[in-house]
Amino acid sequence: MARTRTKTVYECSECGIAAPQWEGQCRGCEAWNTLKEVTQTRSTGSIGRAVSRSASPAVLISDISTDTSRRISFGFPELDRVFGGGVVPGSVTLLAGDPGIGKSTLILQASASIADSGLSVLYSTGEESGAQVKMRAERLGVGSGDLYLQSTNRLEDVLTEAERMKPSLLVVDSIQTVASAASDSLAGTPSQIQACAGSLSEFAKKTSVPVIVTGHVTKDGGIAGPRLLEHAVDVVLHLGGESTSGLRLLQGFKNRYGATNELGVFEMRENGLKGVGDPSKAFLAHRRASAPGSAIASLVEGTRSITVEVQALTSPSNLPTPRRVATGIETSRLHLILAVLSRRLRIPVSDQDVIVNVPGGLRVSETAIDLPVALAIVSSLRDKPLKAGLAAAAEVGLGGELRPVQQGERRARESARLGLTSLILGRQPDQEARSREKAAGAQHCDMLAEAIEEGLS
Ligand code: TYD
Ligand code: MG
């Protein structure tokens, strides 16, 4: 016989880990004052009977159809690319980003585009009224197709309507504003987010309807609520950018059905988000070429090559442990580069505060960014601009060597297209590749010291 039991626990609003009593610091993520009281309801019952009647019998692998081949295109190339060609039936995607960055705008444009192609979309929002969404749709000049709006905060309403309609896409804007009756915590709390994500995922798998949920991120870039949300979904996309520039970047962080390093570049206009055809030009638009501390990085993100500025600022520190701040690159990469500069090249960076930034809001995961970061730091330290028209792409090794990166020739071509005069690449052991890269305008440096000499002489 199933029984219900309730108990009170204290749950961390950052990581979702529960403690039996209130504590000042969370044992999971070590955040302070994040524990909140919640009541948990649990059903206990006979497990034996549940096990004997399996609801999901095993199926022969050859009998399973792969829905991935039936991706639904958004008809929006920038968005399709990041999704790996479109949204996969039965998948759950989390579209995360800062409040006000443009998640609702992007997802409404995408929904309308799908609806215009003759497929039905259920757009359920807990953030706005139907009239508000309609006004936005009018501003965007969309909304003539099979697009249905629902304004509710109850997950059960969303699921009932979705079961009835069987749309081609279900959008829930946002996961923080819906609540399930199965959990009596408030909307937006970790247990609610977890419960809702679980139910939506179950719905998607059962019906093959793809689900896209939006979610706000916290100040430090984490997705508000439990990290568990990232595990509960199939695809995690992050919409970022700098509110001042109007550039918006959509980057994948997890994709069970495709590559995660694809990048979508948009511009926020009066009438919504528009794909940017030449992102490198947009990234370099505000660069002051003669400024010390500025370098150009030639990157390959997914299937596209992209050129960005890297800025560094060094200043003598009066702290026992100087500050290292990295935006757009991993702090651990910055630490590595500084250690190499200090130990291998005897460049005095250990008593400097160092700030590194990739303007435009791109989060770079490619190690090709190492060399441009090192060049920008030394340029700032010496207060001397880098040679005009110079781009760079190489990974810095712990011995101070420059390791080669993939697709050097392509990067050199892209640099030339942008009017840059040279691209510094690392050691290239393959003779043939080396000559091809040279012919495309690259020069090779085996060691970081050499590249600094080249860029700052
Ligand atoms: P929104 O999609 O509501 O952000 P989110 O859902 O991530 O919170 O976007 C809000 C911002 O976008 C707001 O500052 C207004 C701006 N915006 C435009 O510049 N052009 C437009 O066409 C739209 C719809 C919004
Ligand atoms: Mg919104």
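Residues numbered from 1 in each chain as written. Chains lettered and ligands numbered in written order. Predicted model: local features only at pLDDT ≥ 70, side-chain atom pairs only at ≥ 80, totals over all residues. Heavy atoms only, no water.

A word on empty space enclosed by the protein
In this structure the tally under the stated criterion is 3 cavities of 30 Å³ or more. In this structure, the largest cavity spans a volume of roughly 50 Å³. In terms of lining, the largest cavity is formed by R287, A289, S294, A295, I296, L386, K387, A388, G389 and L390. Looking at the lining of the largest cavity element by element, the count peaks at 3 residues for strand 13 (residues 294-301). The class makeup of the residues in the lining of the largest cavity is 6 nonpolar, 2 polar and 2 charged. (1 Å grid on protein atoms, 1.4 Å probe; cavity = no way out; pocket = protein on both sides within 12 Å on 5 of 7 lines; lining within 4 Å. Points joined across faces, edges and corners; volume = space filled by probe spheres on them. Helix = DSSP H or I, 4+ residues; strand = E, 2+ residues; numbered from the N terminus. Nonpolar A, V, L, I, M, F, W, Y, C, P; charged D, E, K, R; others polar.)

Let's talk about the domain arrangement of the chain
Taken domain by domain, the chain comprises domain 1 (3-44), domain 2 (70-276) and domain 3 (282-456). Between domain 1 and domain 2, the C-alpha centre-to-centre distance is 28 Å. (Domains from an automatic or database assignment.)

Remarks on the pairing of strand 20 (residues 422-425)
With burial as the criterion, each face of strand 20 is covered, one bearing S422 and I424 and the other bearing L423 and L425. Where strand 17 (residues 390-393) meets strand 20, 4 bridges bridge the pair, whose relative direction is parallel. Within strand 20, the position partnered with A392 by the bridge is I424. With 3 bridges joining them, strand 20 and strand 21 (residues 442-444) adopt parallel strand pairing. (Buried < 20%, exposed > 50% of the residue type's maximum accessible area, 1.4 Å probe, protein only. Pairing = 2+ DSSP bridges.)

A word on the site of ligand 1
The immediate surroundings of ligand 1 are formed by 16 residues, with G100, S104, T105, R269 and G272 found nearest. Take E270: an N or O atom from its main chain is 2.9 Å from an oxygen atom of ligand 1. One of the backbone N or O atoms of G272 is found 2.7 Å from an oxygen atom in ligand 1. Coverage of ligand 1 by the protein chains reaches 76% of its 560 Å² of free accessible surface. Every element with two or more residues in the shell around ligand 1 is listed here: helix 3 (103-116), helix 4 (130-140) and strand 11 (263-269). In terms of residue class, the shell around ligand 1 is made up of 4 nonpolar, 6 polar and 6 charged. (Near = heavy atom within 4 Å. Polar contact = N/O pair within 3.5 Å; in protein donor to acceptor, adjacent residues only side chain to side chain. Areas by Shrake-Rupley, 256 points an atom, 1.4 Å probe, with all protein chains shown as cover.)

Quick word on the pattern of salt bridges
Close approach of charged atoms allows side chains with opposite charge to pair. With the rule as written, the count across this model stands at 21 salt bridges. A salt bridge links K134 to E138; the shortest N-O distance between them is 3.9 Å. With a gap of 4 residues between them, K134 and E138 both fall in helix 4, about one helical turn apart. With relative accessibility at 53%, the residue E138 sits in the exposed group. Across the salt bridge formed by R403 and E401, the nearest N and O atoms sit 3.3 Å from each other. We classify R403 as partly exposed; its relative accessible area is 40%. Overlapping salt bridges bring together D278, K281, E414 and R417 as one network. (Salt bridge = Lys/Arg side-chain N within 4 Å of Asp/Glu carboxyl O.)

Observations concerning the sheet that holds strand 6 (residues 147-151)
Hydrogen bonds between backbone atoms are what pair the strands of a sheet, whose relative direction is either parallel or antiparallel. Sheet architecture is open: 9 strands sit in the order 6-5-7-8-4-9-10-11-12, paired in mixed fashion. Each having just a single partner strand, strand 6 and strand 12 (272-275) make up the two edges of the open sheet. Adjacent strand axes in the sheet meet at a mean angle of 25° when their direction is disregarded. Here 5 bridges tie strand 4 (residues 92-97) to strand 9 (residues 235-241), and the two strands are oriented parallel to one another. Paired with A96 across the strands is H238, a residue of strand 9. Across the face of the sheet, helix 3 comes into contact with strand 4, strand 5 (121-125), strand 6, strand 7 (169-173), strand 8 (211-216), strand 9, strand 10 (247-255), strand 11 and strand 12 while running at roughly 160° to strand 5. (Axes fitted to C-alpha atoms, helices over the stretch in contact; angles between N-to-C directions. Contact = heavy atoms within 4.5 Å.)

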